[in-house]
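# Structure assessment
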Amino acid sequence: MTQPQTHPLWPRPDAERYRRAGHWSGRTFGAHLRDWAARHPRRTALVDGERRWTYADLDAEADRLARGLRHLGLRKGDRVVVQLPNRAEFVQLWFALQRLGAVPVHAMPGHRRAEIGHLIRISGAVACVIPDRHARFDHRGLLRHILTDQTGSGPLRHVIVLGDPGAHRDFTRFEDLRADAAPLPLESGQEDPDAADLALLLHSGGTTGLPKLIPRTHDDYAYNARAAAEICGLDEHSVYLAVLPIAFNFTFACPGVLGTLAAGGTVVVSPDPSPQTAFTLIERERVSITSLSPPLVPHWMDEGARRAADLDSLTVLQVGGARLADDVARRLGPALEVTLQQVFGMAEGLICLTRLDDPEDLICTSQGRPISPDDEVLIVGPDGRPVADGLPGELLTRGPYTPRGYYRAPEHNRVAFTPDGFYRSGDLVRRLPSGHLVVVGRIKDQINRGGEKIAAPEVEEHLLTHPLITQAALVGVPDETWGERSVAFLVCAGPAPGTRELALFLQERGLARYKAPDQVVGITAMPLTPVGKIDKKLLAGTLAPT
Ligand code: OOB
């Protein structure tokens, strides 16, 4: 491991075991792309609107961009925050960074100054790649703000803009990276990345304080994608449509973009998640598999009923990121004439999938079972001891693609991982005799708003900077549309601010829009538990439907 790590990602005996089992192939992503391009150079790898790339094209594009990045001064081990929407350039850049041994830090399109600044700081990124504008938001202004911010942007040296850098002369135009830079050697021996190296950093949903980074290696992440692809039966005829943000672990590697490419299939990127856009792409590109979050499902079913779309090619529809209601699950398959696959995963590693040939009932009522025979799952009670079979408890896990610690966060790791390396997921699950897990709740201080995770303490900290707010508790309550919505219970010196006012306030503070409370409730005092913590269960109970 060449990156400074304060926690080994895997102890040596386990790493050797995963290698011996064939899970870890010892190939880097840069090498994988070379292999795929050699195997089927003329097959279509990537489609974005009218633009198409074969595997040979993608391989060449990755080299060209890698040279441009190297020319800019990027080196092996450098971290690069990537905030790009669903565009082919995300994939090209990602492989270019892999070729250099540089490390993409996946950011979401909805992230704003607070999140991007945080990712830049905790990763120590030297570069950030953004679109000029996306979804009516100017990302260049955001980066300018970060660069001039008092808290500093650390070693950040480059802002690379897909599109027009505008008046920001010190920003680099993405297209200029492709210019025929001096042919710098890419494979030079010493500097070559190793499969055990850090390949990318994902961000956690955050449960205590601010989100952490999850270090993923070439070995483990490639296995993640390949194992998921095998279970989904992907092959060179598969066509995957990236509907959810491409930077999301689900879309990118479960099996998503990477799993499809590893199988020799075609990845199509959808510029937005609407069924209108997606159905057109499914018809045109003969898409065979895609993935959604639960809030999108009713829209897709409605559109399916309304429009005589030819969705014949679509055989597998994955749904995950948040709990899919059993009754919706039952209607989905027949409505769109697809096989539903439930996906329960986490950026920290563990992925559970229902199998395509599982009995209907299991597919509709469980969140799947782990993808690797070497995934270890413990379900424990509050005392940390395994519960009796079938009873709910907290899910702990370790395995060949679940690193044993967050990136440079030794203190946090002592809490988030057991001494023997199990990740404490904070999810409450029960295990069925088949090994499938049913997600029944959560003990982490997080709200899952239709798949978008909101760390309550992070938002509360921002709320407390409001001049009128003296105490704040952000709580999730059941919601028809989102599965869960966020409610801010506030103790204020005066009338509580309204939702709109609070949304504007948080926006000014640079927080992503989805983190603004959906509802505000003014209270006179916070109810406390016997140990003096805010009683969030009680607060939620005052609103939740019975
Ligand atoms: C995925 O990853 P993250 O890191 O955004 O969120 C992980 C958390 C889980 O710990 C769990 O609390 C929740 O999201 N979750 C689900 C779920 N899938 C994820 N809760 C209930 N039912 C499900 N099906 O969300 C993610 C990563 C890879 C694949 C799919 C989802």
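Residues numbered from 1 in each chain as written. Predicted model: local features only at pLDDT ≥ 70, side-chain atom pairs only at ≥ 80, totals over all residues. Heavy atoms only, no water.

The protein goes by (2,3-dihydroxybenzoyl)adenylate synthase in an unreviewed UniProt entry, where it is assigned to Streptosporangium oxazolinicum.

## Looking at the overall build of the protein
Selection criterion: Numbering goes from the N terminus for both helices and strands, where a helix is a DSSP run of H or I of at least four residues and a strand is a run of E of at least two. For this measure, only C-alpha atoms enter the radius of gyration; the expected value for a globule follows 2.2 Å times N^0.38, where N is the number of residues. With a 1.4 Å probe rolled over the protein chains alone, any residue whose accessible area is under 20% of its type maximum counts as buried; one over 50% counts as exposed, and the rest are partly exposed. Between two residues, a contact is recorded if the distance between any of their heavy atoms is within 4.5 Å. Residue exposure ignores everything except the shown protein chains as possible cover, and the areas themselves are Shrake-Rupley values with a 1.4 Å probe. In this charge count, Lys and Arg are treated as positive and Asp and Glu as negative; neither His nor the chain ends contribute. Every charge is mapped to an atom, namely NZ of Lys, CZ of Arg, CG of Asp or CD of Glu.
For the protein, the helix and strand inventory stands at 18 helices and 27 strands. The C-alpha atoms of the protein give a radius of gyration of 23 Å, which matches the 24 Å a tight globule of 546 residues would have. Over its C-alpha atoms, taken along the principal directions, the protein stretches across nearly 65 × 55 × 55 Å. Here the protein holds 546 residues, and the buried ones make up 58% of them. When contacts within the protein are restricted to residue pairs at least 6 apart in sequence, long-range pairs at least 24 apart make up 68% of them. For the protein, the accessible area works out to roughly 22,100 Å², and carbon and sulfur atoms hold 52% of it. In the protein, 62 positive and 66 negative side-chain charges are present, and the distance between their average locations comes to 3 Å.

## Considering the side chain of S293
Tracing the chain through its elements places S293 in the loop between β14 (289–292) and α12 (297–306). Filtering out sequence-adjacent residues up to four positions away, S293 remains in contact with L244, V319, G320 and G450.

## Focus on the sheet that holds strand β16 (residues 339–346)
Note the cut-off: For two strands to be treated as a pair, DSSP must find no fewer than two bridges joining them. To obtain an axis, a line is fitted to C-alpha atoms, over the contacting stretch when the element is a helix, and the angle between two such axes runs from 0 to 180 degrees between their N-to-C directions.
If you walk across this open sheet you meet the nine strands as β2-β1-β13-β12-β14-β15-β16-β17-β18, and the pairing is mixed. This sheet does not close on itself; its edge strands, each paired only once, are β2 (51–54) and β18 (369–370). In the sheet, strand β15 (residues 316–320) pairs with β16 via five bridges, with the strands oriented parallel. Of the residues in β16, the one forming a bridge with L317 is L340. Its contacts with the sheet put helix α11 (residues 275–285) on β1 (44–48), β2, β12 (239–242) and β13 (266–269), and the angle it makes with β12 is roughly 160°.

## Focus on the packing of helix α2 (residues 29–39) against helix α4 (residues 88–100)
Stated precisely, the cut-off is as follows: Each residue is assigned to one class: nonpolar for Ala, Val, Leu, Ile, Met, Phe, Trp, Tyr, Cys and Pro, charged for Asp, Glu, Lys and Arg, and polar for all the others, Gly among them.
In contact at an axis separation of 7 Å, α2 and α4 are set at 115° when each is read in the N-to-C sense. Of the residues in α4, those in contact with F29, G30, L33, R34 and W36 of α2 are W94, F95, Q98 and R99. Each residue belonging to the contact of α2 with α4 can be placed in one class, and the counts come to five nonpolar, two polar and two charged.

## Details of the domain arrangement of the protein
When the parts come together, some accessible area is lost, and that loss is often what is quoted as the size of the interface. The test is simple: For the domains described, the bounds stem from an automatic or database domain assignment. The term buried area refers to how much accessible surface (probe radius 1.4 Å) is lost by two components on association, counted for both of them together. When a carboxyl oxygen of Asp or Glu is within 4 Å of a side-chain nitrogen of Lys or Arg, the pair counts as a salt bridge. Any N or O atom pair separated by 3.5 Å or less is treated as a polar contact, with the protein-specific requirement of one donor-capable and one acceptor-capable atom, and with residues adjacent in sequence counted only for side-chain atom pairs.
Assigned domains within the protein: domain 1 (28–44 + 55–190), domain 2 (218–442) and domain 3 (446–541). Relative placement of domain 1 and domain 3: their C-alpha centres are 35 Å apart. With six residues of domain 1 in contact, the opposing surface of domain 3 contributes eight residues. Roughly 480 Å² is buried in total at the junction of domain 1 and domain 3, and carbon and sulfur atoms are behind 44% of that figure. Of all residues in domain 1, R113, A114 and E115 bury the most surface against domain 3, accounting for 68% of the area lost on that side. Our count for the contact surface shared by domain 1 and domain 3 stands at one salt bridge. Among the salt bridges present, the one from K515 reaches E115, with a minimum N-O distance of 2.8 Å. The tally of links from domain 1 across to domain 3 stands at five residue pairs in polar contact (both at pLDDT 80 or more). Its residues assigned to classes, the side of domain 1 that touches domain 3 comprises one nonpolar, two polar and three charged.

## Let's talk about the UniProt feature "domain: AMP-binding enzyme C-terminal" (unreviewed entry) in the protein
Formally: UniProt positions are given in the numbering used here, feature names are shortened, and annotations may be inferred rather than shown by experiment.
This chain's UniProt record puts "domain: AMP-binding enzyme C-terminal" (unreviewed entry) on residues 458–533. Overall, residues 458–533 shows 21% helix and 34% strand. The separation of its end C-alpha atoms is 17 Å.

## Description of the nonpolar core
Cut-off, in case you're wondering: Here, nonpolar core means buried Ala, Val, Leu, Ile, Met, Phe, Trp, Tyr and Cys residues that are tied together by side-chain atoms lying within 4.5 Å of each other.
Of all hydrophobic cores here, the largest spans 120 residues; its most connected members are L69, F95, L258, L261 and W300. Considering every element that reaches this core, the biggest residue donor is α4, with nine residues. Built from parts of two domains, this core gets at least three residues from each of domain 1 (28–44 + 55–190) and domain 2 (218–442). Setting aside its immediate chain neighbours within four residues, L69 contacts L74, L93, A96, L97, L100, I160 and L177. In this structure, V81, V105, I120 and L213 belong to the second largest nonpolar core, which totals 21 residues.

## Observations concerning the sheet that holds strand β20 (residues 393–398)
Taken in spatial order, the four strands of this open sheet run β19-β20-β21-β22, and their pairing is antiparallel. The sheet terminates laterally at β19 (376–380) and β22 (437–442), the two strands that pair on one side only. For this sheet, the mean angle separating the axes of adjacent strands, direction not counted, is 45°. Where strand β21 (residues 423–431) meets β22, five bridges bridge the pair, whose relative direction is antiparallel. Each residue of the ladder has a partner; that of D427, found in β22, is R442.

## Focus: unusual backbone geometry
The amide bond that connects C254 to the next residue, P255, takes the cis arrangement and shows omega of -5°. With respect to the secondary-structure elements, P255 resides in the loop between α9 (249–253) and α10 (256–262). Of note, R286 is a non-glycine position whose phi angle comes to about 55°, a positive value. For R286, a relative accessible area of 42% translates into the label partly exposed. The backbone of E337 shows a phi angle near 50°, a positive value even though the residue is not glycine. Examined against the element boundaries, E337 turns out to sit in the loop between α13 (326–336) and β16.

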